[in-house]
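Structural overview for review
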Amino acid sequence: MIGVPEELAATQSRFNGAAGRAFVAALPDLAERCLERWGLRPDGPSLYGMCALVLPVVREADGRPAALKLQAVDEETAGEPVALRAWSAAGAGAVELLDHDPESGALLLERLDERRPLSGEADVRGAVTALGAVLARLVAVPAPEGLRTLGELVERMLAAVPERLGLLADAADRRLLADCAAAVREVAGEPGDRLLHWDLHYDNILAGRADAGRAGEWIALDPKPLAGDPGFELFPALDNLFDADEVVWRFDALTEALGLERERARAWTLGRVLQNGLWGAEEGKVRLAPDHAEIARRLLGRA
């Protein structure tokens, strides 16, 4: 019987309510079905994030190490196998998809070195440079048909601004978020068509394994795929391992690595601050996250 970590159960209950609790309750049986279906045996303690349970496994047929990822099927996860196949076909540096069960959403993935996330590198600027190189390969791939689009997200975001702006308690926060919305309106007419990861921070990049022929590679995993402008990808690398004094340096390094026009990339990065601020207001938060507000101020030249 596969155990479900208490932290994953608590997160699913908090954010997804009854549906999350039902997902957690079904995980042990789903794991057993997938192990049998794909001829797998467990190979170490389970891992987990906010939305998924990941079981290190070995394929009995050929002894290949792999990772079984179990997650609910929703708007975000439905596009993951589509994106992974597109990146794999292009040799773009994402984790390899070995198999997929569309009904349950289960993914059988290449095993990476979970002991070596990019976030663990002592040289943070070196980690930023490595992330930029990974991201440049990912966004070089055009988005397949049928994925969510940045244009759709922006339309909903801008429609929500008048109501949710008023939910913020601080006038400076309201002005800052309004400025973010104004920047997004300037670029909203050209939302882009690249295949975006949408959540590429330093913990979502792991080292490749020598036994898979990928020693020395940094490999992206856990995308939330979206079709859009690469400038919308930069925010997680500014916010994760946050350092206010490094915001502008990181932003410039990433725009250079991706070959982006700086002002356009700045507008889309402010769009991520807007998105997070709107989400927070919807959840009852009356202040912007301090790190997010500082990123906006730095990019707007107000720090």
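The rules behind each value
Residues numbered from 1 in each chain as written. Predicted model: local features only at pLDDT ≥ 70, side-chain atom pairs only at ≥ 80, totals over all residues. Heavy atoms only, no water. Helix = DSSP H or I, 4+ residues; strand = E, 2+ residues; numbered from the N terminus. Rg over C-alpha atoms; globule rule 2.2 N^0.38 Å. Buried < 20%, exposed > 50% of the residue type's maximum accessible area, 1.4 Å probe, protein only. Contact = heavy atoms within 4.5 Å. Lys, Arg positive; Asp, Glu negative; His and termini not counted. Charge placed at Lys NZ, Arg CZ, Asp CG, Glu CD. Phe/Tyr/Trp six-rings, centres within 6.5 Å; stacked < 30°, edge-to-face > 60°. Lys NZ or Arg CZ within 6 Å of the ring centre and 35° of its normal. Core = buried A, V, L, I, M, F, W, Y, C linked by side-chain atoms within 4.5 Å. Patch = residues over 30% accessible without salt bridge, like charges linked within 9 Å, V, L, I, M, F, W, Y side chains within 5 Å. Areas by Shrake-Rupley, 256 points an atom, 1.4 Å probe, with all protein chains shown as cover. Salt bridge = Lys/Arg side-chain N within 4 Å of Asp/Glu carboxyl O. Pairing = 2+ DSSP bridges. Polar contact = N/O pair within 3.5 Å; in protein donor to acceptor, adjacent residues only side chain to side chain. Axes fitted to C-alpha atoms, helices over the stretch in contact; angles between N-to-C directions. Parallel < 35°, antiparallel > 145°, perpendicular 65-115°, else oblique. Left-handed = near helix turned anticlockwise from the far one by under 90°. Nonpolar A, V, L, I, M, F, W, Y, C, P; charged D, E, K, R; others polar.

**Overview of the overall build of the protein chain**
- Scanning the protein chain from N- to C-terminus turns up nine helices and 11 strands.
- In terms of C-alpha radius of gyration, the protein chain reaches 20 Å, essentially the compact-globule figure of 19 Å for 303 residues.
- Dimensions along the principal axes, computed over C-alpha positions, put the protein chain at roughly 60 × 40 × 40 Å.
- A burial count over the protein chain gives 50% of its 303 residues as buried.
- The contacts in the protein chain between residues at least 6 apart in sequence include a share of 72% that link residues at least 24 apart.
- The protein chain carries 34 positive and 50 negative side-chain charges, and their two centres are separated by 2 Å.

**Some details on the packing of aromatic side chains**
- Tallied over the entire structure, the rule returns two aromatic pairs.
- Ring geometry for Trp198 and Phe232: centres 6.5 Å apart, planes at 35°, overall tilted. With a gap of 34 residues between them, Trp198 in the loop between β8 (194-196) and β9 (205-207) and Phe232 in the loop between β11 (226-228) and α6 (235-239) connect regions that are remote in the sequence.
- Here Trp198 falls in the buried class, since its relative accessible area comes to 7%.
- Taking 6.0 Å as the distance between ring centres and 85° as the angle between the ring planes, the aromatic pair formed by Phe232 and Trp268 counts as edge-to-face. Here the residue Phe232 occupies a position in the loop between β11 and α6, and Trp268 occupies one in helix α8 (residues 262-282), the gap between them amounting to 36 residues.
- Of the aromatic side chains, those joined through ring pairs into one cluster are Trp198, Phe232 and Trp268.
- Over the aromatic face of Trp249 sits the side chain of Arg125, whose NZ or CZ is 4.1 Å from the ring centroid.
- Here Arg272 stacks its cationic end above the ring of Phe232, 4.9 Å away from the centre of that ring.

**Observations concerning the nonpolar core**
- Counting 72 residues, the largest nonpolar core has Trp87, Leu118, Leu131, Leu138, Leu195, Leu200 and Leu274 as its most contacted members.
- With eight residues, helix α3 (residues 124-139) is the largest single contributor of residues to this core.
- Those residues in contact with Leu138 that sit more than four places away from it in its chain are Trp87, Ala92, Gly93, Ala94, Leu195, His197, Leu200 and Ala220.
- If you look at the next biggest cluster of nonpolar residues, it comprises 20 residues, including Leu8, Phe23, Val24 and Trp38.

**A look at the side chain of Arg164**
- Mapped onto the secondary structure, Arg164 falls in helix α4 (residues 150-165).
- When residues no more than four places from it in sequence are discounted, the contact partners of Arg164 are Leu278, Trp279, Ala281 and Glu282.

**Observations concerning a negative patch on the surface**
- Among the surface-exposed residues, Asp74, Glu75, Glu152 and Glu155 lie close enough to one another that they form a single negatively charged patch.
- Within the element layout of this structure, Glu152 appears in helix α4.

**Remarks on the pairing of strand β5 (residues 97-100)**
- Judged from the three bridges that link them, β5 and strand β6 (residues 107-110) form a sheet pairing that is antiparallel. When the bridges of β6 are listed, His100 appears paired with Leu107.
- Where β5 folds back on β6, the antiparallel hairpin that results is connected by six residues, among which Gly105 adopts a positive phi of roughly 85°.

**Side note on the environment of His197**
- Examined against the element boundaries, His197 turns out to sit in the loop between β8 and β9.
- Note on His197: relative accessible area 0%, which makes it buried.
- Taking the C-alpha atoms as reference, His197 lies 24 Å from Ser46; in sequence the two are 151 residues apart.
- In this structure His197 touches Trp87, Leu138, Asn204, Ala220, Leu221, Asp222, Pro223, Lys224, Pro225 and Glu233, once residues within four positions along its chain are discounted.
- Polar side-chain contacts of His197 include one of 3.2 Å to the backbone nitrogen of Leu200.
- A distance of 2.8 Å separates a polar side-chain atom of His197 from the backbone oxygen of Leu221.

**Topic: the packing of helix α7 (residues 247-258) against α8**
- Between α7 and α8, whose axes approach to 10 Å, the crossing angle comes to 120°. With respect to their mutual orientation, α7 and α8 come out oblique. Helix-helix and strand crossings are classified by hand; for α7 and α8 the assignment is right-handed. On α8, the residues touching Val248, Phe251, Asp252 and Thr255 of α7 are Arg262, Ala265, Arg266 and Thr269.
- Its residues assigned to classes, the contact of α7 with α8 shows three nonpolar, two polar and three charged.

**Quick word on the pattern of salt bridges**
- Under the definition given, this model contains 26 salt bridges.
- A salt bridge links Glu283 to Lys285, with the shortest nitrogen-to-oxygen separation between them at 3.8 Å.
- What makes Lys285 partly exposed here is its relative accessible area of 47%.
- Linked through salt bridges whose partners overlap, the residues forming this network are Lys69, Glu80, Asp222 and Lys224.

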